[in-house]
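Summary of the model geometry
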Amino acid sequence: MLARAMAEYVDCDDDGPVIELGPGTGAITNGLIQRGVDPARLVLVEYNPSFCALLKERYPQAAVVQGDAYSLRDTLRHALKMPASAIVSGLPLVTKPMSVRLRLMREALALAAPGAPFIQFTYSVAPPIPKSLPGVRAQASERIWLNLPPARVWVYRKSESSSRSSGRI
């Protein structure tokens, strides 16, 4: 249910890559593919080498990048040929300091096309990244009670005014 809810925010008809951060064994990846995202559009950023090997076997059309999502710009330096149409994160953001979360979102949105979503789930009641950041629009799904534990999906996008100005978040 959670993977399906996250995948709903991804435009299946866009041509741009869909970056997934922390795909692990591929639960969210499966949700994206079931929704209709072409596996060849997927750029899976995974830190664990064993999971990378598993992902390459399960999703041979996807680009699997072994690296640190928290250094996203460096990790994807040579992997993207065009701006991402979505960034989908399965990272446990609430375990990181807020400065790290904000840097990750800034780097992710800098790699994304205008209006592209940064999609993050959380089990927490509070948003994983503040919903009142300058230059960012945030929206939340209803709580997904059928997920154990219950979760919520948060979607962040650069606001129109910040895309036209300095691009800073």
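Going by the structure above, here's the rest.
Counting of residues starts from 1 at the beginning of each chain's written sequence and follows it residue by residue. It should be noted that, the model being predicted, local features are given only for residues of pLDDT at least 70 and side-chain atom pairs only at 80 or more, the latter also being counted only at that level, while totals for whole chains, interfaces and linings use all residues. Side-chain calculation: all heavy atoms of the structure are included, whereas hydrogens and water are not.

Brief notes about the environment of Lys-96
Every helix listed is a DSSP run of H or I at least four residues long, and every strand listed is a run of E at least two residues long, numbered separately from the N terminus. The topology assignment puts Lys-96 in the loop between strand 4 (86-89) and helix 5 (98-110). When its relative accessible area of 31% is taken as the criterion, Lys-96 is described as partly exposed. Residues Lys-96 and Tyr-70 lie 26 residues apart in sequence; the distance between their C-alpha atoms is 9.9 Å. Setting aside residues no more than four positions away along its own chain, Lys-96 makes contact with Tyr-70 and Arg-101. Categorising residues by exposure relies on relative accessible area from a 1.4 Å probe, with only protein chains included: less than 20% of the type maximum marks a residue as buried, more than 50% marks it as exposed, and the intermediate range marks it as partly exposed. Contact definition: two residues touch when any of their heavy atoms are within 4.5 Å.

Examining the sheet that holds strand 6 (residues 136-140)
Any two strands with at least two DSSP-identified bridges between them are counted as paired. Reading across the sheet, the seven strands line up as 3-2-1-4-5-7-6 and stay open at both edges, with mixed pairing between neighbours. Single-partner strands in this sheet number two, and they are strand 3 (63-66) and strand 6. Direction aside, the axes of adjacent strands within the sheet are offset by 20° on average. Bridge analysis of strand 6 against strand 7 (residues 152-158) gives five bridges, and the strand direction is antiparallel. Pairing of Val-136 across the sheet is with Lys-158, part of strand 7. A fitted line through C-alpha atoms represents every axis, and for helices the fit uses only the stretch in contact; the resulting angles, taken between N-to-C directions, go from 0 to 180 degrees. Contacts from helix 3 (residues 49-58) reach strand 2 (42-46) and strand 3 within the one sheet, and its direction differs from that of strand 3 by about 175°.

A look at unusual backbone geometry
Note that the residue after Leu-148, namely Pro-149, is joined by a cis bond; omega there is -5°. Relative to the helices and strands, Pro-149 is located in the loop between strand 6 and strand 7.

Considering helix 5
Taking 1.5 Å as the rise per residue, helix 5 with 13 residues should run 18 Å; its terminal C-alpha atoms sit 18 Å apart, in good agreement. Those residues of helix 5 not exposed but buried are Val-100, Arg-101, Leu-104, Met-105, Glu-107, Ala-108 and Leu-109. Close packing links the buried residues of helix 5 with strand 1 (18-21), helix 4 (72-75), strand 4, strand 5 (118-122), strand 6 and strand 7. To estimate how far a helix should reach, multiply one less than its number of residues by 1.5 Å.

Observations concerning the pattern of salt bridges
Where charged atoms from two side chains of opposite charge come close, those side chains can pair. Salt bridge, as applied in this entry: a Lys or Arg side-chain nitrogen positioned within 4 Å of an Asp or Glu carboxyl oxygen. In this structure the tally under the stated criterion is one salt bridge. A salt bridge links Asp-74 to Arg-77; the shortest N-O distance between them is 2.8 Å.

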